[in-house]
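Notes for the structure review
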Amino acid sequence: MTVAPVSPGFSTTVEALRLREWRLGPGQHRLVTDQFSADDFNLVVDDRADVHISSKDGRFYCGWFPQGRPGADGEGWKIAVTGTAKVPGYSITFDTETPSEIVAATVASVLGTSRPL
């Protein structure tokens, strides 16, 4: 049995290589911040106009840093969930130019996995 040699790379068509338009730029931060209710979350705007949102139990945090997070390189969004004694938490960061729609979808997914105890 003979096997035909495989050429390097991948095959495609000219149509598959056509240009696409991609959403760029930070967009409207309210797509993210409007997902939080005053009943379940605390919101603080500091003297730099950075927005800090935390759950009432303190285990969830979302920060928006329009000019970039101090001490971080270009970090515009920070999402963190504190772990438990048995399961570690996690954090997610996005840069200042990440479209708000992407951050909003991530926040919606994180909030959708939470439940009251």
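Throughout what follows, the structure given in this document is the object of discussion. (Residues numbered from 1 in each chain as written. Predicted model: local features only at pLDDT ≥ 70, side-chain atom pairs only at ≥ 80, totals over all residues. Heavy atoms only, no water.)

Let us look at the sheet that holds strand β2 (residues 51-55). For sheets, the rule is that strands pair by backbone hydrogen bonds, running either parallel or antiparallel. As summarised here, the arrangement of the five strands in space is β1-β2-β3-β4-β5, forming an open sheet in which the pairing is antiparallel. Because the sheet does not close on itself, it has two edges, and the strands there are β1 (41-45) and β5 (90-95). Shown here is a sheet whose adjacent strand axes are inclined to one another by a mean of 10°, direction ignored. (Pairing = 2+ DSSP bridges. Helix = DSSP H or I, 4+ residues; strand = E, 2+ residues; numbered from the N terminus. Axes fitted to C-alpha atoms, helices over the stretch in contact; angles between N-to-C directions.)

The end-to-end C-alpha separation of helix α2 (residues 100-112) is 18 Å, in line with the 18 Å expected for 13 residues at 1.5 Å each. Those residues of α2 that sit buried are Ser100, Val103, Ala104, Thr106, Val107, Val110 and Leu111. One side of α2 holds all its buried residues, which, seen down the axis, span an arc of 160°. Buried residues along α2 sit against α1 (30-33), β1, β3 (60-64), β4 (75-81) and β5. (Expected span 1.5 Å × (residues − 1). Buried < 20%, exposed > 50% of the residue type's maximum accessible area, 1.4 Å probe, protein only. Arc of directions from axis to C-beta. Contact = heavy atoms within 4.5 Å.)

Within the secondary structure layout, Asp50 lies in the loop between β1 and β2. Polar contacts involving the side chain of Asp50 include one to the side chain of Arg48, which spans 2.8 Å. Each residue touching Asp50, except ones within four places of it in the same chain, is listed here: Val44, Val45, Trp64, Phe65, Pro66 and Pro70. (Polar contact = N/O pair within 3.5 Å; in protein donor to acceptor, adjacent residues only side chain to side chain.)

The subject of this paragraph is the nonpolar core. Counting 17 residues, the largest nonpolar core has Val32, Phe36, Phe60, Cys62 and Val107 as its most contacted members. Within the residue set of this core, elements represented by two or more residues are β2, β3, β4 and α2. Take this core: its biggest share by element is five residues, from α2. If sequence neighbours within four positions are ignored, Val32 has contacts with Cys62, Trp77, Ser100, Val103, Ala104 and Val107. (Core = buried A, V, L, I, M, F, W, Y, C linked by side-chain atoms within 4.5 Å.)

For any pair of aromatic rings, the description rests on two quantities: the centre-to-centre distance and the angle between the ring planes. This structure, assessed with the given rule, holds four aromatic pairs. Ring centres 4.9 Å apart and planes at 75° place the aromatic pair Phe36 and Phe41 in the edge-to-face group. The exposure class assigned to Phe36 is buried, which follows from its relative accessible area of 12%. Ring-pair connections join several aromatic residues into one group, and the members of that group are Phe36, Phe41 and Phe60. The side chain of Arg20 reaches across the aromatic face of Trp22, ending 5.3 Å from its centre. (Phe/Tyr/Trp six-rings, centres within 6.5 Å; stacked < 30°, edge-to-face > 60°. Lys NZ or Arg CZ within 6 Å of the ring centre and 35° of its normal.)

In this structure the tally under the stated criterion is four salt bridges. Between Glu101 and Arg23 there is a salt bridge, with the nearest N and O atoms lying 3.3 Å from each other. Here Glu101, found in helix α2, pairs with Arg23, found in the segment before α1; they are 78 residues apart in sequence, far enough to count as distant. Assessed through its relative accessible area of 39%, Glu101 is described here as partly exposed. Close ionic contact of Glu75 with Arg69 constitutes a salt bridge, the shortest N to O distance being 2.7 Å. Glu75 sits in the buried class, given a relative accessible area of 12%. (Salt bridge = Lys/Arg side-chain N within 4 Å of Asp/Glu carboxyl O.)

In short, shape yes, function no, at least from these values alone.
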